[in-house]
Amino acid sequence: MGSQDVLSETTRLASSSALLQILFRVITFGLNAFTLRYVSKEMIGLVNVRLTLLYSTIVFLAREAFRRACLSGSTKRNWTKTINLLWLTLKTKTQGIRLNGINGYLIPSLKVFFRSTDEKCCTRVEVPLGLCWSLFLGWIWLQLLEVPDPNSVPYYKIGVVAFGLSAVVELLGEPFWVLAQAHLFIRLKVIAESLSIISKCILTVILVVLYPQWGLYIFSLAQLLYTSILVLCYVMYFMKFLGSPEAKKKSFPVSRMTDLLPNLIEDQTVVDWKEARLTWSFFKQSFLKQMLTEGERYVMTFLNVLNFGDQGVYDIVNNLGSLVARFIFLPIEESFYIFFAKVLERGTDVKLQKQDDIAMAAAVLESLLKLVLLVGLSITVFGYAYSQLALDIYGGSMLSSGSGPSLLRCYSLYVLLLAVNGVTECFTFASMCKEEVDSFCQMYNMHFKAADS
């Protein structure tokens, strides 16, 4: 696929994602506004801050680095090795070999031992990184954090288990997601996410109205429904697509569903170690990024600076303020990361690459920055002026009478910074080599140490 074709498909992906997300989010926006009339602030704070933080931390740490590494470069690669890496599958052919990732780096603090009595036999062991994170973080959420009053927020333990399980369920669909993104399946991602979000909101509204005494059971069931539908959409699509005349016409690299499971390759390494080392570099960066992205939620969760009611108000304001970031900026960032990763050659000097591709990438980057700046400035101007009205319409006096309007005004200014950050970040990490990513992480560490001192 040429650069112009990649640009065309990427633009379609970004625009379709943005438009369909706006359409479906308008529906969910109304459903959520309706739900606010039936749910306490404490319940909203616990679900949207603490439990959602558990879920987002698990999926981010378990998949973000793999996504970035596996989407880099051309689609013409050994997809068996890429899928093995996504499943984090390792093998050994010798006796008593101790594996601890790549030179002890891929799986931090996780020692895995394999033994084989026959050198000709291969031992394949799956190391479900997402499950490890889910168990570890779930234990922290249950044992180390403050447990809410069961009278105001019942079934807390059930909620922690359900949100952790939903993260693991979503990670099962990761090979499907990467294949779909790499081959620019435009409608699949948008439709799958939209259907799952709408189903979650509808179930939440129904249960909140009919069975309000269920407490966290409502949001736990809705979250499990969301991730189940999301994964099922990808699985059902690929079950129909693989082996079809359309797949053969496109020379799709995977022909059977079993190819999406971990597989051994005779006389070859199970994973592409260059790709795996890049994954570790991205893992270090993604860990820091998660701390910065969700920093305020970690502060509220671990330091108890706000009660659950105040956390609920903050989260609602945060969600309203980030609508543009999630509807417009995020689809642009995700889609054009693929474009830049395909057009630019990671780790190759710019003078040695095709100058037409470099010129196109520069022009696209300039256009994207102008677009997001225009959107960001518009949101800053109108958001600052109409914050109180927006909160009064959305949640009534519960949101508009307190500090909510001031928080939303501040967030309107923050959106302008998000606009520039997302586009520049996707370009930067699509073009950086492993050494540059490591250097970037070291710079992050220096900033953290300076801030701590």
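Residues numbered from 1 in each chain as written. Predicted model: local features only at pLDDT ≥ 70, side-chain atom pairs only at ≥ 80, totals over all residues. Heavy atoms only, no water.

### A short note on the overall build of the protein
Here's step 1: Across its full length, the protein holds 18 helices and four strands.
Here's step 2: The buried share of the protein, taken over its 453 residues, is 51%.
Here's step 3: If you take every contact in the protein between residues at least 6 apart in sequence, the share linking residues at least 24 apart comes to 79%.
Here's step 4: A total of about 22,200 Å² of accessible surface is found on the protein, and carbon and sulfur atoms cover 62% of it. (Helix = DSSP H or I, 4+ residues; strand = E, 2+ residues; numbered from the N terminus. Buried < 20%, exposed > 50% of the residue type's maximum accessible area, 1.4 Å probe, protein only. Contact = heavy atoms within 4.5 Å. Areas by Shrake-Rupley, 256 points an atom, 1.4 Å probe, with all protein chains shown as cover.)

### Description of the nonpolar core
Here's step 1: In terms of nonpolar packing, the biggest core is built from 100 residues, with W141, Y234, F238, F252 and F340 touching the most fellow members.
Here's step 2: Sorting elements by how many residues they give to this core places helix α2 (residues 41–70) first, with 14 residues. (Core = buried A, V, L, I, M, F, W, Y, C linked by side-chain atoms within 4.5 Å.)

### Some points on the pattern of salt bridges
Here's step 1: Tallied over the full model, the rule gives four salt bridges.
Here's step 2: A salt bridge links E193 to K189; the shortest N-O distance between them is 3.6 Å. Of the two residues, E193 and K189 both sit in helix α7 (residues 186–210), four residues apart, roughly one turn of that helix.
Here's step 3: Looking at E193, the relative accessible area reads 22%, which means it is partly exposed.
Here's step 4: Take K189: its relative accessible area is 4%, and that puts it in the buried class.
Here's step 5: With its nearest N and O atoms 3.3 Å apart, the salt bridge here joins K370 to E366. With K370 and E366 both in helix α14 (residues 355–385) and four residues apart, the pair spans about one turn of that helix.
Here's step 6: What makes K370 exposed here is its relative accessible area of 55%.
Here's step 7: Judged by its relative accessible area of 45%, E366 is partly exposed.
Here's step 8: The network of salt bridges with common partners includes E294, R297 and D315. (Salt bridge = Lys/Arg side-chain N within 4 Å of Asp/Glu carboxyl O.)

### A look at the packing of aromatic side chains
Here's step 1: Within the structure shown, the criterion is met by 12 aromatic pairs.
Here's step 2: Pairing Y211 with W214 gives two aromatic rings, centres 4.6 Å apart and planes at 15°, and the pair type is stacked.
Here's step 3: Sitting over the ring of Y226, K200 keeps its end group 5.5 Å from the ring centre. (Phe/Tyr/Trp six-rings, centres within 6.5 Å; stacked < 30°, edge-to-face > 60°. Lys NZ or Arg CZ within 6 Å of the ring centre and 35° of its normal.)

### Considerations on helix α6 (residues 174–182)
Here's step 1: By the criterion of burial, α6 is predominantly enclosed, with nine of the nine residues buried.
Here's step 2: Listed as buried for α6 are E174, P175, F176, W177, V178, L179, A180, Q181 and A182.
Here's step 3: L184, located one to two residues past α6, shows a positive phi value of around 55°.

### Brief notes about a nonpolar patch on the surface
Here's step 1: A grouping of F34, Y38, Y155, I158, I202, I206, V209, L210, Y211, W214, Y217 and L221 is seen on the molecular surface, where their side chains present a nonpolar patch of about 1,000 Å² in accessible area.
Here's step 2: Of all the secondary structure elements, the ones that give two or more residues to the nonpolar patch are α7 and α8 (216–241).
Here's step 3: Of the residues forming the nonpolar patch, the biggest block, four residues, is contributed by α7.
Here's step 4: Positionally, L221 belongs in helix α8. (Patch = residues over 30% accessible without salt bridge, like charges linked within 9 Å, V, L, I, M, F, W, Y side chains within 5 Å.)

### What to know about the side chain of E425
Here's step 1: Within the secondary structure, E425 sits in helix α17 (residues 404–431).
Here's step 2: Its relative accessible area of 11% is what places E425 among the buried residues.
Here's step 3: With near-sequence residues (within four places) excluded, E425 lies in contact with R68, K289 and E333.

### Quick look at helix α12 (residues 308–321)
Owing to its 3.6 residues per turn, the α-helix aligns residues three or four sequence positions apart on the same side.
Here's step 1: When the terminal C-alpha atoms of α12 are compared, their 20 Å separation across 14 residues agrees well with the 20 Å that a helix rising 1.5 Å per residue should span.
Here's step 2: Counting buried positions along α12 yields 11 of 14 residues, so the element is predominantly enclosed.
Here's step 3: If you check which residues of α12 are buried, you get F308, G309, Q311, G312, V313, D315, I316, V317, N318, L320 and G321.
Here's step 4: Among the residues of α12, the N-terminal cap falls to N307, whose side-chain oxygen and the backbone nitrogen of G309 are separated by 3.1 Å. (Expected span 1.5 Å × (residues − 1). Polar contact = N/O pair within 3.5 Å; in protein donor to acceptor, adjacent residues only side chain to side chain.)

### Looking at the packing of α12 against α17
Here's step 1: Put simply, α12 and α17 touch, their axes get as near as 9 Å, and they point 35° apart. α12 and α17 meet at a crossing whose hand is right-handed. Between α12, through Y314, V317, N318, L320 and G321, and α17, the contact on the second element is made entirely by G404, L407, L408, Y411 and V415.
Here's step 2: The residue makeup of the contact of α12 with α17, split by class, is seven nonpolar, three polar and no charged. (Axes fitted to C-alpha atoms, helices over the stretch in contact; angles between N-to-C directions. Left-handed = near helix turned anticlockwise from the far one by under 90°. Nonpolar A, V, L, I, M, F, W, Y, C, P; charged D, E, K, R; others polar.)

### What to know about unusual backbone geometry
Here's step 1: The phi dihedral of Y155 falls on the positive side, at around 65°, and the residue is not glycine.
Here's step 2: Along the chain, Y155 turns up in the loop between α4 (129–143) and α5 (156–171).

### Observations concerning the confidence of the model for the protein
Here's step 1: Looking at the protein, the pLDDT average stands at 75 and 73% of residues meet or exceed 70.
Here's step 2: Low pLDDT (under 50) marks residues 89–127, which in the prediction has 80 contacts with non-local residues, meaning those over four places away or in another chain. (pLDDT = per-residue confidence, 0-100.)

### Description of the environment of G138
Here's step 1: Among the structural elements, G138 can be located in helix α4.
Here's step 2: The sequence separation of G138 and L51 amounts to 87 residues, and the corresponding C-alpha distance is 9.8 Å.
Here's step 3: If we ignore the near neighbours within four places in the chain, the residues touching G138 are L54, W133 and V160.

### Examining the environment of L413
Here's step 1: Among the structural elements, L413 can be located in helix α17.
Here's step 2: Accessibility expressed as a relative area gives 46% for L413, which makes it partly exposed.
Here's step 3: A C-alpha to C-alpha distance of 9.6 Å links L413 and G321, two positions 92 residues apart in sequence.

### Things to note about the packing of α12 against helix α13 (residues 323–343)
Here's step 1: As a packed pair, α12 and α13 sit with axes 4 Å apart at the nearest point and diverge in direction by 35°. Seen from α12, the contacting residues are N319, L320 and G321; seen from α13, they are L323, V324 and R326.
Here's step 2: Across the contact of α12 with α13, the residue classes break down as three nonpolar, two polar and one charged.

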